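Read off the chains here:
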Amino acid sequence: MLIHLLESAQTGGIHARLGKAFFRQTNEENICRLLDFIMDNKKGAAILREWMRPHAIALVCDQVHDEMEAAKPFLRMTTAETSPDFIESWDINSIMDPVSNNITPVWTAVLTAATEPKQYRVETDNAYFILQTRNIISAQVHYRRSFKSSKVQIGLGLTAWSMGASCNMINILHKAGLSNSYCSISSIIFGLHVFSLQQAEKISAGPHAFAYDNVNFSSSKFVEQRPGAMCKVQSGTFPIIYKLQGVDPLHLKLAPIIANLKNSRPLRLGELQPTQASAISYSHQTAVNIAIILFKCLPELDNISCDPILQHKPRQPLPIGHKTRFFPLSVSTIEEASVTGNLHLTNARIRGTQSLRAKDVNAWERREVFQLAFGTFHLVMNLIWALLHTHCGTAAEHGSLTHYFEILEKAQLGNDRPDYHTLLAALTQILDGLILNAWRSECGFESLDAFAASKPTPADILRIAEVINNKYACPSISTAPTEATSPHVDVVHANTILLTRNLLYVVELISAISAGDFGRIEDILPQIACIFRGAGSNNYSMEVLHLLFNIKHVWTPEFL
């Protein structure tokens, strides 16, 4: 009967009026109920699903088409619109999640059905990675539809370029819809370069610090070595401007600094000795560092590792949450190994120029605007190189670094300047072993596991750490080896104490840098200057002394 009425509505039969009334808006609810009845019946549902298949496909295609068009404004970005702020905040999920959830729900449902089993549980560990995969696939599809929908591709292309991907590799990613073309990426990089220079120019008009470091760019090892071909490694100098937050420009006035310099006197030997406050501070910081080494070995003590008495005491820290903004400048191709690119020589030349032009017409011509200091990373790097030179020894000398390297099967650490990270990891492993051996001797138990099972208090941990510092890392005159052949001196033990002490300085220096606490760095600068001098690293010893001189006699408290 229903079919007869509907056919009459189409052919204009006797019941056409009733057939047309069936599709009135007032009857919409009844039509939906009828379809629900059919779907609730197993056989009816099978018939209806089979009938809907071609119509549903067409409907979904139309819906996806509309969604893709609607998503274009949200993913649109050209090479000229790419800014450093966008690159810093770039994240695939942050870009694609709002589009997938709000703009393209049908496409997202189709993709979800294609990538997840029906019984898939979101709680599984792979849920995040599957979601990210869907976002990448969606980004590829949007990019295939319109090359201007490239917010994701710009970030992926720049990531590939920064990791050394070749031109061909980036173009392959472009063909796959994962990146812009190599030409576009090159244009973006140049645009970011211009944008960064413009930002740095604005920052340079206010309080700022200028820093520079060496940089090496490696090309493929298969590059043909011929006249006119690119080098396998391109060295240069990388300058950066740092914005000084919350600084009163009046505190950067040169007049009081120059006045202090003119009225200053040379450093005295007593000023290279730690003050009582700095000595007490370093003793506590080192005890905490010794306790941290124990906690790395005994996870059972994690519950007391956060106790307040086992934390570093701040001396002159940065504000909590503070992050210094930096603005890179153009890289110079002046090599570090050259006389022109030598960082220490550059500082020495600036100081020499300041002395020679002391009577010039203004502060700029006298180069007084440059108040010099070294970078803390370079300080750590040169310090561990100096310690390697001091404690290197031979494989036959017990307690020497070479002996420990052979035990640990560490290779490529015998030259003057080995890889920083490799050397630091080896030295850290050696120090951990020495300190853990001291813990075994001083904990009062047969093993460290038994000590942990005794549930020591934070005060017990700190007390034993102080004992270890005084006994195993503080050389005394009576144990210092005056002659290597002296029968009354245990040379290996004495050298091990010196090595432990020096490595603990490295640990404290790295910890203070990580915490952003320059006061802790300043506490140990005199000792570090002595270590450099003893190792024959006179250049860095003089750099540390220049900094101490400026801190104590030249720079005003407001400038510091």
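Predicted model, so just to flag it, every value in this text is computed and none were measured. (Residues numbered from 1 in each chain as written. Predicted model: local features only at pLDDT ≥ 70, side-chain atom pairs only at ≥ 80, totals over all residues. Heavy atoms only, no water.)

Quick notes on the packing of helix H4 (residues 42–75) against helix H6 (residues 92–103)
The following threshold applies: Each axis is a line fitted through C-alpha atoms, and for a helix only the stretch in contact is used; angles between axes span 0 to 180 degrees, taken between their N-to-C directions. Under the DSSP-based scheme used, a helix requires at least four consecutive residues in state H or I and a strand at least two consecutive residues in state E, with every element numbered from the N terminus. Just so you know how the angles are binned, under 35 degrees is roughly parallel, over 145 roughly antiparallel, 65 to 115 roughly perpendicular, and the rest oblique. Take the far helix as the reference: if the near one is turned anticlockwise from it by less than a right angle, the crossing is left-handed, and if turned clockwise, right-handed. Contacts are assigned to residue pairs with any non-hydrogen atoms lying within 4.5 Å of each other. Under the convention adopted here, Pro, Cys and the residues Ala, Val, Leu, Ile, Met, Phe, Trp and Tyr are nonpolar, Asp, Glu, Lys and Arg are charged, and Gly plus all remaining residues are polar.
Two elements in contact, H4 and H6, have axes separated by 11 Å at closest approach and are oriented at 150°. In terms of orientation, H4 lies roughly antiparallel with respect to H6. Regarding H4 and H6, the two cross each other, and that crossing is right-handed. Side by side, H4 and H6 meet where Glu 67, Ala 70, Ala 71, Phe 74 and Leu 75 of the first sit next to Ile 95, Met 96, Val 99 and Ile 103 of the second. Residue composition of the contact of H4 with H6, grouped by class: eight nonpolar, no polar and one charged.

What to know about empty space enclosed by the protein
Where we set the bar: A 1.4 Å probe that fits into a set of points on a 1 Å grid over the protein atoms alone but cannot get out defines a cavity; an open set with protein on both sides within 12 Å along at least five of seven lines defines a pocket, and lining residues are those with an atom within 4 Å of a point. Grid points are joined across faces, edges and corners, and a volume is the space filled by probe spheres set on the points.
In total, this model carries one cavity of 30 Å³ or more according to the counting rule given. What the largest cavity holds in volume is close to 50 Å³. Forming the walls of the largest cavity are Leu 424, Leu 427, Thr 428, Leu 431, Leu 503, Val 506 and Val 507. Put simply, the parts of the chain that give the lining of the largest cavity at least two residues each are helix H18 (420–442) and helix H21 (491–515). In terms of residues, the lining of the largest cavity owes the most to one element, H18, which gives four residues. Grouping the amino acids of the lining of the largest cavity by side-chain chemistry returns six nonpolar, one polar and no charged.

Here's the deal with the nonpolar core
In a soluble, globular protein the nonpolar side chains are often hidden away together inside. Selection rule: By nonpolar core is meant a set of buried Ala, Val, Leu, Ile, Met, Phe, Trp, Tyr and Cys residues that side-chain atoms within 4.5 Å join together. Burial classification: accessible surface area is computed with a 1.4 Å probe over protein chains only, and a residue below 20% of its type maximum counts as buried, one above 50% as exposed, and the rest as partly exposed.
Among the nonpolar cores identified, the biggest contains 72 residues, and Leu 294, Leu 379, Phe 405, Trp 439 and Ile 461 are the most heavily contacted of them. Looking at which element gives the most residues to this core, the answer is H18, with twelve residues. Setting aside chain neighbours within four positions, we find Phe 405 in contact with Leu 388, Lys 410, Leu 413, Leu 423, Ala 426, Leu 427 and Ile 430. Core analysis: the second largest hydrophobic core is formed by 18 residues, Ile 95, Ile 103, Ala 160 and Ile 185 among them.

Focus on the side chain of Asn 93
Tracing the chain through its elements places Asn 93 in helix H6. Since its relative accessible area comes to 8%, Asn 93 is described here as buried. Ignoring anything within four residues of it in the chain, the contact list for Asn 93 reads Pro 98, Tyr 128, Gln 132 and Asn 135.

Here's the deal with the pattern of salt bridges
Inclusion rule: Think of a salt bridge as a Lys or Arg side-chain nitrogen and an Asp or Glu carboxyl oxygen that are within 4 Å of each other.
If you walk through the whole model with that rule in mind, you get twelve salt bridges. With a closest N to O distance of 3.2 Å, Glu 81 and Arg 76 form a salt bridge. Taking the relative accessible area as the measure of exposure, Glu 81 reaches 40% and is therefore partly exposed. Across the salt bridge formed by Lys 471 and Glu 442, the nearest N and O atoms sit 2.9 Å from each other. Of this pair, Lys 471 sits in helix H20 (residues 458–472) while Glu 442 sits in helix H18, and the two are 29 residues apart along the sequence. Each of Glu 69, Lys 72 and Arg 145 takes part in a single network of salt bridges with overlapping partners.

Some points on a nonpolar patch on the surface
Condition: In this scheme, patches are assembled from residues that exceed 30% relative accessible area and form no salt bridge. Like charges are connected within 9 Å, while nonpolar side chains (Val, Leu, Ile, Met, Phe, Trp, Tyr) are connected within 5 Å. Note on areas: Shrake-Rupley, 1.4 Å probe, and residue coverage restricted to the protein chains presented here.
Together, Leu 34, Leu 35 and Ile 38 make up an exposed nonpolar region whose accessible area comes to about 210 Å². Among the secondary structure elements, Leu 34 is positioned in helix H3 (residues 28–40). When its relative accessible area of 32% is taken as the criterion, Leu 34 is described as partly exposed.

In short, shape yes, function no, at least from these values alone.
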